[in-house]
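Residue-level listing of the chains:
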Amino acid sequence: MADMSSLLSLEEELTCSICLSPFESPVTTPCGHNFCRGCLDLTWRDSEQTGLGFNCPQCRSHFVTKPELRKNTVLDAVVDKFKLKSKADIYSDVMTTTKTEPDAAPIICDVCMEGKACKTCLTCMVSYCVEHVRPHLENPVFGAHQLHEPLADLQERICPDHSKMMEFFCVQHGRCICSFCLQQEHKGCTFCTPDEQRVLRESDLKKKLSQLYGKIEKTQLVLSQMKEQQSVLKDSATNRKRELEMVYRQIREMLDRDEQQAMKSVDKEEEGAQSKLFSMMKKFDLNVEEMSRARDGITRLLGQTQSLAFLQASVDLPSAVDFEPYAPRLNINTKRAHLESAAALKEYLGNILKQPVDTRVALLKPADNMPTPPLLPNPLFAGLINPVNPGPPPATKTEPKKKRQTKKPDQDSSKEDKTSKKHPNPAVEAAVKEAKERMKLFHMAGAQLGTQPASLQETPPSIMSPAKRTDLLKYGTVLTLDHRTAHKRIVLSENFTKASVSDETAAYPDSPARFSVCSQVLCTKGFSQGRHYWEVKMTSNNFCGVGLAYNSIDRKGPTSRLGRNAQSWCVEWFNVKLSAWHDSSETVLANPSPSRVGVLLDCAEGTATFYNVAERAYPFHTFVYPFCEAVYPAFWIFSSGTAITLCKLTN
């Protein structure tokens, strides 16, 4: 078992990373990696034709000129010894296992019932020891008797029907028979000796045993890999939980800070109102004291008995008598914008959290290239503009259509202006004033950052003419992948709408329409007139291409790759580089890293436009070419982690 494990580990080191097989004529690149000479020459053939230099398929090291490749003789000798050693070890293990049996019990002589039997007579059907077997060896009468090594199953070899030794094996019925059985019931059957049948059965069992050993080793290796994957998944889940905990803690800290600011604003407003009430109460207390003194003076004067003194006394009322006291009605509503903002935020978050997790990112970030507002998100900002009734924040940035006005606009606006002047609302005025100040700061911050607010900027700065996806869907078409053109490394699934790369070749029949060099596939439908639109979802935009091709494109030669001939056009992701290819001419593009690509084909105008599809469709390249025949959607996928899926077009 240890030797087999070491062989498996050595096999991984002696395997070509291109063909995933043991090296054949291994060569070494200047960067130190080893490949089969044939695999490396085939990989560099396209680079040699385009003149873009040569890259190492494993580490991507770039060489301006084609390196001189020499055979690695040491590695070649190690590979040859490994192949011989692996075969010898497998057969030796099989033979050793089959021969390892426990010692059998000794066979007793049937005559004396004491000595150990040394021979068994198949004619007499008796086992003899050394003494009792002498007559069979010395007397010529027993010359015709067949002596055999001692048999423990002598009785089992006797035919139960004819009491004869079963000397034959019936192949049709799969059991041992005697000579009488062969002449009667098994007449005409194919037969052989039991020893010959045993040799055939042993050979078959050894093959099965060898297969079981190989399967057991591979299964144990897979089990060890799965155990490692368990630990990796556990670590990944722990890290993801830690990240989620940090993000949600930051959200709570942001809400706590905003709550503290709102509480401080209310406390400050309460403190101002309390101070105002305290000063008014202090003033009213002084007025009460002055009027109480005047009241007491008048009371004493009315009790005066002398008329002269009563008449000469003067009475002056304090000025507080002319002041009508009132209790001011003070409310905590000048900062009502905080409450309205919190209510709008609660309703907005409630609407977001009701949605599935997969759709929340599209609602919160409708486009990856859209700049983030420096101060306030759009929905909350809208809530501050209309603090009296903010309503549910919009889930997307599309504005609702305005209802048609049945009245004249001038009359409506004049009535609204009059109504607002007649019934001012201090809370609304304060909220609108605060919102205007924050809008001013918002624009100042956007100007400093070189961007516009998300509510004012309809398109990302890198794309000047986005299209509404609903306008493109009018030309939507249903596509399926053509299995007759798929390369044998491409696996088609989901009703021929998904293509992925497999390390093992599929059992597709050979066909002139099938790509044999590049892992490409065409669609079953081609277009020569009208407008047509389709979308493609990519699991990862790495080593893949989306394009168009004539049905006359080469399928077998080295120039059959999309964009490397005059019969095809494609946009291609090679690592992180995005390029547009046609007739072996490359145009390097800015990579928007899309996960969903849309293609609009206009046969009359001779254009094919590629879009980065999010909430809207943002074009990133257009081919202009007078198509002279029907063009078919085409795809190239090379990396094993990449897959493309034809999307179902819905609004």
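The name given to the protein chain in an unreviewed UniProt entry is RING-type E3 ubiquitin transferase, with the source organism recorded as Anguilla anguilla. The UniProt entry for the protein chain carries this comment under Catalytic activity (unreviewed entry): "S-ubiquitinyl-[E2 ubiquitin-conjugating enzyme]-L-cysteine + [acceptor protein]-L-lysine = [E2 ubiquitin-conjugating enzyme]-L-cysteine + N(6)-ubiquitinyl-[acceptor protein]-L-lysine." A UniProt comment under Pathway (unreviewed entry) is attached to the protein chain, and it reads "Protein modification; protein ubiquitination."

(A) Spatial organisation of the pattern of salt bridges. This structure, assessed with the given rule, holds 15 salt bridges. Salt-bridge contacts for Arg564 lead to Glu572; the nearest nitrogen and oxygen are separated by 2.9 Å. Residue classification places Arg564 among the buried positions, given a relative accessible area of 11%. By relative accessible area, Glu572 is classed as buried at 4%. Salt bridges here are not isolated pairs; linked through shared partners, they connect Arg469, Glu535 and Arg596.

(B) Representation of unusual backbone geometry within the structure. Of note in this structure, Phe496 is not a glycine but carries a positive phi near 60 degrees. One non-glycine residue, Ser593, lies in positive phi territory at about 50 degrees.

(C) Expanded view of the sheet that holds strand S18 (residues 585-589). Reading across from one edge, S13-S22-S15-S16-S17-S18 is the order of the six strands in this open sheet, with antiparallel pairing throughout. Edge positions in the sheet fall to strand S13 (520-522) and S18, since each of these pairs with one other strand and no more. Along the sheet, successive strands turn relative to each other by an average axial angle of 20 degrees, direction set aside. Here S13 pairs with strand S22 (residues 631-637) via three bridges, running antiparallel. Its bridge partner lying in S22, Val521 is registered against Phe635.

(D) Quick peek at a nonpolar patch on the surface. Nonpolar side chains collect at one region of the surface, where Leu244, Met246, Val247, Tyr248, Ile251 and Leu255 lie side by side and expose about 510 Å² of accessible area between them. Its location among the elements puts Met246 in helix H6 (residues 194-302).

(E) How the structure looks around the side chain of His532. Inspection of the secondary structure puts His532 in strand S14 (residues 531-538). A polar contact of 2.8 Å, which involves the side chain of His532, links it to the backbone oxygen of Gln529. Beyond its immediate sequence surroundings of up to four residues, His532 is in contact with Tyr475, Thr477, Phe527, Val599, Leu600, Leu601 and Cys603.

(F) Molecular detail of the sheet that holds strand S23 (residues 643-646). The strand order S11-S12-S23-S14-S19-S20-S21 describes an open sheet built from seven strands, whose pairing is antiparallel. Every interior strand has two partners, whereas the edge strands, strand S11 (490-493) and strand S21 (617-624), have only one. Ignoring strand direction, the axes of neighbouring strands in this sheet form an average angle of 25 degrees. As paired elements, strand S12 (residues 498-501) and S23 share three bridges and run antiparallel to each other. Considered in S23, the bridge of Lys498 is made with Thr645.

(G) Quick look at helix H2 (residues 37-50). Between the first and last C-alpha of H2 there are 20 Å, a value that for 14 residues agrees with the 20 Å anticipated at 1.5 Å per step. Along H2, the sharpest kink reaches roughly 35 degrees, centred on Trp44. Those residues of H2 that sit buried are Cys39, Leu40, Trp44 and Asp46. Check the buried side of H2 and you find it contacts strand S1 (26-28), strand S2 (34-36), strand S3 (54-55) and strand S4 (62-63). Directly beyond the C-terminal end of H2, a positive phi value near 75 degrees is found at Gly51.

What counts and how
Residues numbered from 1 in each chain as written. Predicted model: local features only at pLDDT ≥ 70, side-chain atom pairs only at ≥ 80, totals over all residues. Heavy atoms only, no water. UniProt positions renumbered as here; feature names shortened; annotations may be inferred. Salt bridge = Lys/Arg side-chain N within 4 Å of Asp/Glu carboxyl O. Buried < 20%, exposed > 50% of the residue type's maximum accessible area, 1.4 Å probe, protein only. Pairing = 2+ DSSP bridges. Helix = DSSP H or I, 4+ residues; strand = E, 2+ residues; numbered from the N terminus. Axes fitted to C-alpha atoms, helices over the stretch in contact; angles between N-to-C directions. Patch = residues over 30% accessible without salt bridge, like charges linked within 9 Å, V, L, I, M, F, W, Y side chains within 5 Å. Areas by Shrake-Rupley, 256 points an atom, 1.4 Å probe, with all protein chains shown as cover. Polar contact = N/O pair within 3.5 Å; in protein donor to acceptor, adjacent residues only side chain to side chain. Contact = heavy atoms within 4.5 Å. Expected span 1.5 Å × (residues − 1). Bend = angle between axes of the 7 residues up to and from the residue.

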